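# Fold and contact review
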Amino acid sequence: MENKVKRERIPDLVGSVANILKIFDKATPRQIEEGVAWYPEGNRIARDIGEGNIELGAGILAALSPRVKWSENISAAYEVKLHGFITTQLGANVRKAVAIRSGARPLDVLGGKKVRAFYQAILWPSDLNPTAVIDRHAVSVWVGTSQTDKQIKLLQRVGVYEQIATAYSDAAVLRGVSTHTMQAVTWVAWRESK
């Protein structure tokens, strides 16, 4: 008898600029203020971590960012900068952060579209590189519903990340804000609505 593995079909991600605008337009004044300030504040923190070297600080922050809260990310980045190691993060991420601390260029070390976009958003919060940071919450905003880990894996398909990032840029143009502001405001509003 042949063993057949039953494969679960993961529905395609379908989202829209309209879904992004719906969340942006419902954001409270405080959520807008927080979103507008998010990447400039990240830039300030990165400059502090790097002792004036913004690329160093932003690189360490980005390397340690996957799957952690922002407050934990900041603490870990300061630890790596001060001591050259940390035991509370994934080993691969710590190795990348330590390599950046030791002089490696961040974009030579950082992997993944989200991590690289996060680095660039912190480095250039005024949108000189306007690729949106697409994480679970950004995908959920675009789709209009919360997404599972399996659904988020669809970001690895060719062109999906870029499609969602472009939707954020298009939404930003429609509201006259930067791509980073659109992503950050909707991220704050989405997280607080759940």
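How each quantity is defined
Residues numbered from 1 in each chain as written. Predicted model: local features only at pLDDT ≥ 70, side-chain atom pairs only at ≥ 80, totals over all residues. Heavy atoms only, no water. Helix = DSSP H or I, 4+ residues; strand = E, 2+ residues; numbered from the N terminus. Rg over C-alpha atoms; globule rule 2.2 N^0.38 Å. Contact = heavy atoms within 4.5 Å. Areas by Shrake-Rupley, 256 points an atom, 1.4 Å probe, with all protein chains shown as cover. Lys, Arg positive; Asp, Glu negative; His and termini not counted. Charge placed at Lys NZ, Arg CZ, Asp CG, Glu CD. Phe/Tyr/Trp six-rings, centres within 6.5 Å; stacked < 30°, edge-to-face > 60°. Lys NZ or Arg CZ within 6 Å of the ring centre and 35° of its normal. Buried < 20%, exposed > 50% of the residue type's maximum accessible area, 1.4 Å probe, protein only. Salt bridge = Lys/Arg side-chain N within 4 Å of Asp/Glu carboxyl O. Axes fitted to C-alpha atoms, helices over the stretch in contact; angles between N-to-C directions. Parallel < 35°, antiparallel > 145°, perpendicular 65-115°, else oblique. Left-handed = near helix turned anticlockwise from the far one by under 90°. Nonpolar A, V, L, I, M, F, W, Y, C, P; charged D, E, K, R; others polar. Core = buried A, V, L, I, M, F, W, Y, C linked by side-chain atoms within 4.5 Å.

The next thing to look at is the overall build of the chain. Regarding its fold elements, the chain presents 11 helices and zero strands. In sequence order, the chain lays out its α and β elements as α-α-α-α-α-α-α-α-α-α-α. Relative to the globule expectation of 16 Å for 194 residues, the C-alpha radius of gyration of the chain, 18 Å, shows essentially globular dimensions. For the chain, the C-alpha atoms occupy an extent of roughly 60 × 50 × 25 Å along the three principal directions. Long-range contacts, defined here as pairs at least 24 residues apart, represent 67% of the contacts in the chain between residues at least 6 apart. When the accessible surface of the chain is split by element, carbon and sulfur atoms take 53% of a total near 10600 Å². Counting 26 positive and 19 negative side-chain charges, the chain places the averaged centre of each group 7 Å from the other.

Here we take up the packing of aromatic side chains. Under the counting rule described, the total for this entry stands at six aromatic pairs. Lying across the ring of Phe118, Lys114 places its NZ or CZ 5.2 Å from the centre.

We now examine unusual backbone geometry. Phi is positive for Glu51, close to 50°, though the residue is something other than glycine. Tracing the sequence through the fold places Glu51 in the loop between α2 (29–49) and α3 (54–63). Residue classification places Glu51 among the exposed residues on the basis of a relative accessible area of 63%. Here Arg67, not a glycine, exhibits a phi torsion of approximately 65°, which is positive. By the secondary structure assignment, Arg67 is in the loop between α3 and α4 (70–83).

Turning our attention to the pattern of salt bridges. On inspection of all chains with the given rule, the structure shows seven salt bridges. Across the pair Glu41 and Arg44 runs a salt bridge, and its minimum N-O distance is 2.6 Å. Placement of the pair is Glu41 and Arg44 together in helix α2, with a separation of three residues, close to one helical turn. Exposure remark for Glu41: the relative accessible area of 34% places this residue in the partly exposed category. A salt bridge links Asp108 to Arg105; its shortest N-O distance comes to 3.5 Å. Comparing Asp108 with Arg105, the two get one shared label, exposed.

Okay, the packing of α2 against α4 next. One can describe the packing of α2 onto α4 by two numbers: an axis separation of 10 Å at closest approach and a directional angle of 20°. With respect to each other, α2 and α4 are oriented roughly parallel. Seen from above, α2 lies across α4 with right-handed handedness. For the pair α2 and α4, the contacting residues are Trp38, Gly42, Ile45, Asp48 and Ile49 in the first and Trp70, Ile74, Ala77, Tyr78 and Lys81 in the second. For the contact of α2 with α4, a count of residues per class yields seven nonpolar, one polar and two charged.

Formed by 59 residues in total, the largest nonpolar core has its most connected members in Ile134, Ile164 and Tyr168. With eight residues, helix α10 (residues 160–175) is the single largest residue contributor to this core. Excluding anything up to four places from it in sequence, Ile164 contacts Leu13, Ile134, Val139, Trp142 and Leu155.

A few words now on the packing of α10 against helix α11 (residues 179–193). At a closest axis distance of 8 Å, the pairing of α10 and α11 adopts a crossing angle of 100°. In terms of their interaxial angle, α10 and α11 are classed as roughly perpendicular. Along the contact surface, α10 presents Tyr168, Ser169, Ala171, Ala172 and Arg175, while α11 presents Thr179, Met182, Gln183 and Thr186. Class assignment for the residues of the contact of α10 with α11 results in four nonpolar, four polar and one charged.

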